[in-house]
Amino acid sequence: MHKLLNEIPKAWSPERRPTKEALESTELLLGRLKPLALLPSEADIGYWPTVELIWTDSPVQVQVFDYGYEIGVYPPYGSNFVYEIHEFHDGALKELDQVVTKLSLLLARDYDL
């Protein structure tokens, strides 16, 4: 069922996994990111039973909740960029276009890492 998520290395144990809904929301997002060649480098368990998507060449991360998304930009200390959080919690499917647009813009930035 989670075909695209299976293509990404995951760093969670069988005992501590994201919720079924978070996995489904992740699959929706990955389905929109794959045609844009924006699949993340890896996935981890988030601070709730969420999915955390990580791009190792970017300070951008996404927390995927049951019914929403949070995009975080965590630049290295001393960089010219500031910490950012963009929240989309009105329903995963409803806000998917906004999430993909914002994520595309953030991943295209030159963060000079």
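Residues numbered from 1 in each chain as written. Predicted model: local features only at pLDDT ≥ 70, side-chain atom pairs only at ≥ 80, totals over all residues. Heavy atoms only, no water.

Trainee: Can you walk me through the overall build of the chain in this structure?
Mentor: Along its length, the chain carries 2 helices and 5 strands. Along the chain, helices (α) and strands (β) appear in the sequence α-β-β-β-β-β-α when read from the amino end. If you line up the chain on its principal axes, its C-alpha atoms span 40 × 30 × 25 Å. Expressed as a percentage of its 113 residues, the buried residues of the chain come to 47%. The contacts of the chain with a sequence gap of at least 6 include a subset with a gap of at least 24, amounting to 49%. Accessible surface, the chain: about 6500 Å² in total, of which carbon and sulfur atoms supply 53%. (Helix = DSSP H or I, 4+ residues; strand = E, 2+ residues; numbered from the N terminus. Buried < 20%, exposed > 50% of the residue type's maximum accessible area, 1.4 Å probe, protein only. Contact = heavy atoms within 4.5 Å. Areas by Shrake-Rupley, 256 points an atom, 1.4 Å probe, with all protein chains shown as cover.)

Trainee: Please explain the sheet that holds strand β2 (residues 51–54) as it appears in this structure.
Mentor: Taken in spatial order, the 5 strands make up an open sheet running β1-β2-β3-β4-β5, and their pairing is antiparallel. At either end of the open sheet lies a strand with only one pairing partner, and these are β1 (42–45) and β5 (84–88). Sheet twist, expressed as the mean angle between neighbouring strand axes with direction ignored, is 20°. As paired strands, strand β3 (residues 60–64) and strand β4 (residues 69–73) are joined by 5 bridges and run antiparallel to one another. Bridge pairing links V64 to Y69 in β4. Helix-sheet contacts for helix α1 (residues 20–33) involve β2, β3 and β4, and the interaxial angle to β2 is about 30°. Sitting on the sheet, helix α2 (residues 96–108) is in contact with β3, β4 and β5, with an inclination near 10° to β4. (Pairing = 2+ DSSP bridges. Axes fitted to C-alpha atoms, helices over the stretch in contact; angles between N-to-C directions.)

Trainee: Help me understand unusual backbone geometry, please; the structure alone is not making it clear to me.
Mentor: For residues other than glycine, phi is negative in most cases, and the peptide bonds are mostly trans. We note that A37 has phi near 55°; this positive angle belongs to a residue other than glycine. Relative to the helices and strands, A37 resides in the loop between α1 and β1. You can call A37 exposed: its relative accessible area is 68%.

Trainee: Looking at this model, I keep getting lost on the nonpolar core. Mind explaining?
Mentor: Side chains of a nonpolar character, in soluble globular proteins, are inclined to be buried together. Counting residues in hydrophobic clusters, the biggest one holds 30 residues, and the most contacted among them are L29, L53, V62 and Y69. A total of 6 residues in this core trace back to one element, the largest contributor, which is α2. (Core = buried A, V, L, I, M, F, W, Y, C linked by side-chain atoms within 4.5 Å.)

Trainee: Just to check I follow, could you spell out the pattern of salt bridges for this structure?
Mentor: Counting across every chain of the model gives 4 salt bridges. The partner of E7 in a salt bridge is K34, with the nearest N and O atoms 3.1 Å apart. Pair noted here: E7 is in the segment before α1 and K34 is in the loop between α1 and β1, with a separation of 27 residues, a long-range link. The class for K34 is partly exposed, based on a relative accessible area of 39%. In this structure, the salt-bridge partner of R32 is D97, at a minimum N-O distance of 2.7 Å. Here R32 is found in helix α1, whereas its partner D97 is found in helix α2, with 65 residues between them in sequence. (Salt bridge = Lys/Arg side-chain N within 4 Å of Asp/Glu carboxyl O.)

Trainee: What is the right way to read the packing of aromatic side chains from this model?
Mentor: Any two aromatic rings considered together are summarised by their centre-to-centre distance and by the angle between their planes. Counted according to the given criterion, the structure contains 1 aromatic pair. Centre to centre, the rings of Y74 and Y83 are 5.3 Å apart; their planes meet at 55°, and the pair counts as tilted. Of the residues examined, Y83 reaches a relative accessible area of 55% and is grouped as exposed. (Phe/Tyr/Trp six-rings, centres within 6.5 Å; stacked < 30°, edge-to-face > 60°.)

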